[in-house]
Amino acid sequence: MGKLYNDKAIREIKEKYTAWEKQVLPRSLNRYSERMESFTTLSNINVKRLYTPIDLPDYNYMDKLGFPSQYPFTRGIHATMYRGRIWTMRMFSGYGSPEDTNKRLKFLISHGETGLSLAFDYPTLVGLDSDHPMARGEVGICGVAVDSLWDMEIIFDGIDMGEITTNMTINPPAPILLSMYISVADKQGVPREKVGGTTQNDPLKEFIAQKSYVFPPEPAVKIAMDLVEWSVKNLPKWNPISISGYHIREAGSDAVQELAFTLADGIEYVRHLIDRGLDVDDFAPRLSFFFDSHINFFEEIAKFRAARRMWAKIMKEWFGAEKERSMWMRFHTQTAGVSLTAQQPFNNIVRTTIEALAAVLGGTQSLHTNSLDEPFRVPSELAAKIALRTQQIIAYETGVADTVDPLAGSYYIEWLTDQVEERAWRYIERIERMGGMIEAVKKGYPQREIADTSYRFQKEVEENKRFIVGVNIFTEEEEEEIRNVPLLDIKQEDIERVQLDRLKKLRSSRDSNKVAEKLDDIRRAAGKGLNLMPYILDAVKSLATLGEIMDTLREVYGEWREPPIY
Amino acid sequence: MNIYKLFDDAKRGSKRSLGRLLSILESPSNESFRLLKEFVKHGGKSHVIGITGIPGSGKSTLISKMISAMRRKGYSIAIVAIDPTSPYSQGALLGDRLRMQEHSTDPKVFIRSVSTRGVKGGLSLAALSMIEAFDAVGYDKIIVESVGVGQADIDIMNTAHTLLVITMPGVGDEIQALKAGIMEIGDVYVLNKSDKPEAAKTFEYLKFALETGELEIKHGWTPRIVKTSAIMGMGIDQVVSIIDEHYNYIRENSIFMDKLRDRRLFMLKLLVESLFLDNLDDMYRSGEIEELFKANDYYTSSIKIIELLLKKIRKIDNS
Amino acid sequence: MERTANLLRGRGRRIKVLVAKLGLDGHDRGAKVVARALRDAGMEVIYTGIRQTPEQVVSAALQEDVDVIGVSILSGAHLNLMKRLIDLLKKEGADDIPVFLGGTIPIPDIPKLKEIGIKEVFLPGTHLNLIRDYILGVVGERKEH
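Cut-offs and rules
Residues numbered from 1 in each chain as written. Chains lettered and ligands numbered in written order. Predicted model: local features only at pLDDT ≥ 70, side-chain atom pairs only at ≥ 80, totals over all residues. Heavy atoms only, no water. Contact = heavy atoms within 4.5 Å. Buried area = accessible area lost by both parts, 1.4 Å probe. Salt bridge = Lys/Arg side-chain N within 4 Å of Asp/Glu carboxyl O. Polar contact = N/O pair within 3.5 Å; in protein donor to acceptor, adjacent residues only side chain to side chain. Helix = DSSP H or I, 4+ residues; strand = E, 2+ residues; numbered from the N terminus. Nonpolar A, V, L, I, M, F, W, Y, C, P; charged D, E, K, R; others polar. Pairing = 2+ DSSP bridges. Phe/Tyr/Trp six-rings, centres within 6.5 Å; stacked < 30°, edge-to-face > 60°. Lys NZ or Arg CZ within 6 Å of the ring centre and 35° of its normal. Buried < 20%, exposed > 50% of the residue type's maximum accessible area, 1.4 Å probe, protein only. 1 Å grid on protein atoms, 1.4 Å probe; cavity = no way out; pocket = protein on both sides within 12 Å on 5 of 7 lines; lining within 4 Å. Points joined across faces, edges and corners; volume = space filled by probe spheres on them. Expected span 1.5 Å × (residues − 1). Axes fitted to C-alpha atoms, helices over the stretch in contact; angles between N-to-C directions.

### Focus on the interface of chain B and chain C
So, point 1. Between chain B and chain C, the residue contacts involve 31 residues of the former and 34 residues of the latter.
So, point 2. Roughly 2700 Å² of surface becomes buried between chain B and chain C when both sides are summed, with 45% attributable to carbon and sulfur atoms.
So, point 3. On the surface where chain B and chain C come into contact, there are four salt bridges.
So, point 4. C:Asp96 is paired through a salt bridge with B:Arg20; the nearest N and O atoms lie 3.9 Å apart.
So, point 5. Where chain B meets chain C, there are 17 residue pairs in polar contact (both at pLDDT 80 or more).
So, point 6. Of all the secondary structure elements, the ones that give two or more residues to the side of chain B that touches chain C are α2 (15-24), β3 (92-94), β4 (109-114) and α10 (255-286) of chain B.
So, point 7. Looking at side-chain class alone, the side of chain B that touches chain C contains eight nonpolar, 13 polar and ten charged residues.
So, point 8. Pairing geometry for β3(B) and strand β2 (residues 44-47) of chain C, over three bridges, is parallel. Residue pairing across strands places B:Ala92 opposite C:Glu44, the latter belonging to β2(C).

Take a look at the structure:
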C-alpha cells in the first residue's frame, strides 16, 4: 500500500509553501501581528499556523486509518457508525433516597433516554453504610444511598431490567452493587443472559485520580478482576469494567496523560486476567472505556481517534488477540465537568455542546452531557433536560452524524492524532519500565504528573496565557444570573432519616445468624484467594449490608493510605 | 496570654495550649527562654525515640501502626514530624501528618510538624525545643521522625535515646551509600515490607553487616534486626517490645541520663548559634554592619560587631 | 504592604495554614493547587489528605497552631460538615481561627455558611491570588489585635 502523497507532490507543495511564507505571509503579519506568540493545545502541543500535506510525509492511509470496523479502527469500530444507530444517550443520575432516584430514572426514560447510569452517594462509593459516623451529612447528596438489597429493589421498582441497560459508577464495592443488581433482576424474572449494563470497577484510576479507594492496590485489582472473570463466565451481556480516563482528566491531567494512564491501566488488567488463565479473546471484547471530552476541540477528537488505534495495536501486537472485537475500543464519554464555571453559569450550556460535539466526531459509543448547574450541585430536572436535549440536537439536527469520521483527512487532525499518540506511547513506555501501573501508582508517579499539570494550568490561567470566559476574560462584576440558576432542592436530613430507619428495620428483621455465616464465608474465601463474586452474591441475598461486606474485606486486605503528593 | 497559664493548661491536656507553647518556642525570645527554664525543671523523664528511614520504606505507615501498638500499652505519645519538603520561596508544604491523621483525635497523642527554618541549625533547634516541651508536659514517648538526610536530621537523630532505622528489601546498595550518615548507628533496624520476595536476601545482608561490625555496637547494646510489614500489620508488636527492652537497658545503665545531658548541651549550642546568627543577619540587612566596617581592619570591626551583638542579645530579659 | 512582607519573610513565624479535605469526597485537585500556591506565596501549609472528619481537622489545627483553616468540599455536604467543624472550634475556645471554604457550593448556601461562622467562601474559578490576599488580610488583622 502506497503513501497518500507521493514525494514529487510533497516537494511541489513544499516549494509553493516556502514561496507563500516568504511573499504573502510577511505582508499579513506586518499588518496584524498574531494574537499570541505561540499557540498550544491543553496538552502543550505546539499548534502551527497552517497544516498541509507536508505535515503528513510518508502517510500510509491503510496503516494509519483503514476503514471503519477494520484494524486499526481509527475511523470507528462500526461500519456505518451513527448512520445505523445514534450513540446511547446515557445521563448520569441519581440522588437522594432510592425512592427519589426511582422517580428520576422514570422521568428520564419518559423523555427518551436510552440507557440508565446510576450515581451513588459518597458513603456508598467508599463502602460505608448510611449509619456510619463518617456518613453524617453525606447520605443521598452526590448520588443515591444504597445500603442493602432493599434499596436496589426500590430503585428499580417498575423498571424492566430486561429491557434497559444500567451503568453503575462504583469501584471498590462494585461486586456488591452488581450482586444487588442481579438479585433484583432475578426477582423480576429476568434471565441472567439478558442482564445488561456496566460496572465501572476500575480500581487503578482511584489511586491515580478519583480517590475513592479502599483497599491497597494489589487486593483492589484482585477483587475487580474477580468481578470481570465471573461476568465473562456468567453474564454474557455485562460490561464488567469501564477503564476510565474521565477522573484522571478531571483531577487535572492533560489529554495525553488521560489517554496514556488509561491505556496503562488497561494493560495492567489484561495482564492480570491472562495470568488467571483466561483466553484474551474470551474477555477482551468485554472491556470498555470511559473518557472525558474537554474544551480544546480538535485535541479531544485526536485523542479519541488515537485511543482506538493504540488499543487495537496493544491487543493485537502485545497480547496476541485474534478476534476483531477484542481489538475494539468501545467507550463512553462525558463532557468535562472541570471546564464548567460558577461565573456566568449559562455559558456552561455552550461549553457542553462543543465538548459533546467533539465526542461525537471522535466516535463515542455513548455520551453524558453535563448540566449547567454542576459547579454548584447535582443537576436540577430542567438543567438535566437541557443537557439531554443538547445531545438530541447534535444527533438529529446538525447532520454531523450522517457520515463516518467526517474529520479524517484533515491535515491538522491527522497530524494531531499522530502527535497525541506518540506522546502517549512515551508515557506508557515509562510506566512499563517501572513495572506496570500498580508499581507506578505506589511510587506516586501518575499522581505527581497530574498534580504538576493541574498546577501549571491554573498558573497559565492566572497569568492570562489561557482564557476562560467569565473567569479571566469578559468577566462581569455583578453576576446576577448566578442567582437565577434554579437548583435542585435536596432535603438531606430527611433522606438520611429515611435511610437510617430502613437500615434499623433491616437489621432487626433479617436472620442475623445467616448474615454472620455468609460474611464468614467471604472471609474464608478471601483468605484462600478464591473468586469472591459467588460469596458476595450470597451475602447480599441474605441481606448483609454494603458496609458489613466491605468491613469483612477490610479486615482481610487492610486499607490504603496514599503517599503525600502535591 | 500568660505563658505559665498556657503551660498549666497544656499539662492538663489542652491541645490548643500546647500547640501555642510550641509556636512560642519556634524562635528565641524572652518568653521562650522563660519557658525552657520551666521545662527543664519539669522534664527529663520522657523516652525520646528517633525514627529515620530511606524514602519508600513505608516509614509513616509503620509509625502510624506503632502508635496504635504503643497506645495499647498505655503510653502517651508525642510526635515531632520533620518534613522533608524542601524549602521553596521560603514557604513549605507539610504532608507527613497525612499518614498519621487517624491518631489526631486521640487525647493521648499529639502530632506536630516542623519544616526547614531560615537559619542554619534552626530546624534542629525547633525540634529539640519541642522535645523539651513534650517532656515537660509529661508525654511518655516522644517520637522524632525524619528522612535522615542532611546534617540537621543527623544531629537530631543523634540526640535520641533509641534510634530506629527503617529499611526495605532490595536496598543493600543504598545502605552502603548512606553509610556516612546515620544508617550505621541504629539501635533497632526494621526491615519493613518484608512480605516482598527479596526480603530474605536483605535480611541476610543486614545480619552480615552486624556480624562484621559495619553496624555499630553502642554502649554494649547489640543492634537488633526486625522484619515487619506495616501494611499487613506484621511484626509491629515485636518492634514496640524491643524498643521497651532498649529503654530498660539504657535506664539500668546511666545511658538514659547521659543522653539527656548531651541533648541539652547540644541544644544550648544551637541556641547560642541562633542568637548570634539571627541578630547578625538583622544587622547585615539593616546596614548596621556597614557602619561599623573599617575597611583596613577586619579584626577591630569583628570585635565591635560582636560587642554590639552581645548588647542586643542581653536585651532578651531572662528574669 | 510592609506588614504583609513581615508576615511572609522576617525570621518570626511564617503564616501557617491548614488545608483540609473534609468529608468523603476525593476531589483533591483544588485543595492541592491551593496548597501549592500558598506555599509559593511563602506560607507554611499543612495538608491533611482526604476523608477527614471535623474532629480530625480541628485537632490538627490546634496541634499545629495554625493561623487559618482552609477547607475544601465538593460533595455537597458542606452545611452539615462546616457546622460541626465550627461547633468543635467553639468548644475548644478556638473559634478565633478564621475558616474559609472552597468547592462546589450553591449560592443560596453562602449566607447560611457565613451565619454559621465561615469567614469566606470561594467558588470554582477563583483566582489563587485572591485566596492568598484574603489570608494575608485576615491573618494580619488577627496579629494586630
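### So, the interface of chain A and chain C
So, point 1. Listed by partner, the interface residues are 41 residues for chain A and 36 residues for chain C.
So, point 2. For the pair chain A and chain C, the summed buried surface comes to about 3200 Å²; carbon and sulfur atoms form 56% of the total.
So, point 3. The interface formed by chain A and chain C holds two salt bridges in total.
So, point 4. In this structure, A:Asp452 and C:Arg36 form a salt bridge, with 2.4 Å as the shortest nitrogen-oxygen distance.
So, point 5. Summed over the shared surface of chain A and chain C, the result is twelve residue pairs in polar contact (both at pLDDT 80 or more).
So, point 6. Looking at the side of chain A that touches chain C, the elements with two or more residues in it are α5 (122-125), α8 (204-210) and α19 (445-462) of chain A.
So, point 7. Ranked by the residues each element gives to the side of chain A that touches chain C, the list is headed by α19(A), at seven residues.
So, point 8. Each residue belonging to the side of chain A that touches chain C can be placed in one class, and the counts come to 23 nonpolar, seven polar and eleven charged.

### Some points on the packing of aromatic side chains
Residue and element names in this part refer to chain A.
So, point 1. Tallied over the full model, the rule gives 32 aromatic pairs over all chains.
So, point 2. The rings of Tyr51, Phe297, Phe298, Tyr412 and Trp415 are connected pair by pair, giving a single aromatic cluster.
So, point 3. Positioned over the ring face of Tyr71 is Lys316, at 4.2 Å from the centre of the ring.

### Some thoughts on the side chain of B:Asp244
Residue and element names in this part refer to chain B.
So, point 1. With respect to the secondary-structure elements, Asp244 resides in helix α9 (residues 236-252).
So, point 2. Taking relative accessible area as the criterion, Asp244 reaches 10% and is therefore assigned buried.
So, point 3. For Asp244, the residues in contact, after removing those within four places along its chain, are Lys73, Tyr75 and Lys141.

### A few points about empty space enclosed by the protein
So, point 1. Per the stated rule, a full pass over the model turns up ten cavities of 30 Å³ or more.
So, point 2. As a volume, the largest cavity reaches approximately 120 Å³.
So, point 3. Along the walls of the largest cavity sit 14 residues, with A:Ala251, A:Ile450, A:Ala451, C:Asp28 and C:Lys32 positioned nearest its centre.
So, point 4. If you list the elements that add at least two residues to the lining of the largest cavity, you get α8 and α19 of chain A together with α2 (29-40) of chain C.
So, point 5. Its residues placed into classes, the lining of the largest cavity shows seven nonpolar, two polar and five charged.
So, point 6. By volume, the second largest cavity is sized at about 100 Å³.
So, point 7. Along the wall of the second largest cavity there are 13 residues; nearest its centre are A:Asn171, A:Pro172, A:Pro203, A:Phe215 and A:Ala220.
So, point 8. When contributions to the lining of the second largest cavity are tallied by element, the ones reaching two or more residues are α8 and α9 (217-234) of chain A.

### Remarks on helix α15 (residues 347-361) of chain A
Residues and elements named next belong to chain A.
So, point 1. Its 15 residues give α15 an end-to-end C-alpha distance of 22 Å, which sits within 8% of 21 Å, the value for a rise of 1.5 Å per residue.
So, point 2. Those residues of α15 lying buried are Asn348, Arg351, Thr352, Glu355, Ala356, Ala358, Ala359, Val360 and Leu361.
So, point 3. In this structure, the buried side of α15 is in contact with β9 (287-293), α13 (297-318), β10 (331-335), β11 (366-368) and α16 (381-396).
So, point 4. Positioned one or two residues after α15, Gly363 has a phi angle of 85 degrees, which is positive.

### A short note on the sheet that holds strand β4 (residues 99-103) of chain C
So, point 1. Strand order across the open sheet formed by six strands is β3(B)-β2(C)-β1(C)-β3(C)-β4(C)-β5(C), with parallel pairing between neighbours. Both edges of this open sheet fall to β3 of chain B together with β5 (120-122) of chain C, since each of them pairs with a single strand only. Strand after strand, the sheet turns through a mean of 20 degrees between neighbouring axes, direction not considered.
So, point 2. Sheet analysis places strand β1 (residues 16-21) of chain C next to strand β3 (residues 68-73) of chain C, joined by five bridges and oriented parallel. Bridge pairing in β3(C) places C:Leu18 opposite C:Ile69.
So, point 3. Its contacts with the sheet put helix α3 (residues 54-64) of chain C on β1, β2 and β3 of chain C, and the angle it makes with β1(C) is roughly 165 degrees.

### Notes on the pairing of β9(A)
Residues and elements named next belong to chain A.
So, point 1. With seven of seven residues buried, β9 lies mostly within the body of the structure.
So, point 2. Of the two faces of β9, both are covered, the one formed by Leu287, Phe289, Phe291 and Ser293 as well as the one formed by Ser288, Phe290 and Asp292.
So, point 3. By the bridge criterion, four bridges tie strand β8 (residues 241-244) to β9 in an arrangement that is parallel. From the neighbouring strand, Ile241 faces β9, where its bridge partner is Leu287.

### Observations regarding the sheet that holds strand β1 (residues 47-53) of chain B
Hydrogen bonds between backbone groups are what pair the strands of a sheet, and the pairing can be parallel or antiparallel.
Residue and element names in this part refer to chain B.
So, point 1. Read across the sheet, seven strands follow the order β4-β2-β5-β1-β6-β7-β8 without closing on themselves; strand pairing throughout is parallel. Every interior strand has two partners, whereas the edge strands, β4 and β8 (224-227), have only one. Strand-to-strand, the axes of this sheet are offset by a mean angle of 20 degrees, without reference to chain direction.
So, point 2. Bridge count between strand β7 (residues 188-191) and β8: four bridges; the pairing is parallel. Across the sheet, residue Leu191 finds its bridge partner in β8, namely Lys227.
So, point 3. Sitting on the sheet, helix α5 (residues 122-137) is in contact with β1, β2 (77-82), β4 and β5 (141-146), with an inclination near 175 degrees to β2.

### Describing unusual backbone geometry
All names here are of chain A.
So, point 1. A cis amide bond links Tyr71 to the next residue, Pro72, at an omega of 0 degrees.
So, point 2. Mapped onto the elements, Pro72 comes out in the loop between α3 (61-64) and β3 (88-93).
So, point 3. Even without glycine at this site, Met81 takes up a positive phi of about 45 degrees.
So, point 4. Exposure remark for Met81: the relative accessible area of 9% places this residue in the buried category.
So, point 5. Although it is not a glycine, Phe474 adopts a positive phi angle of roughly 50 degrees.
So, point 6. In this fold, Phe474 is placed in the loop between α19 and α20 (492-509).

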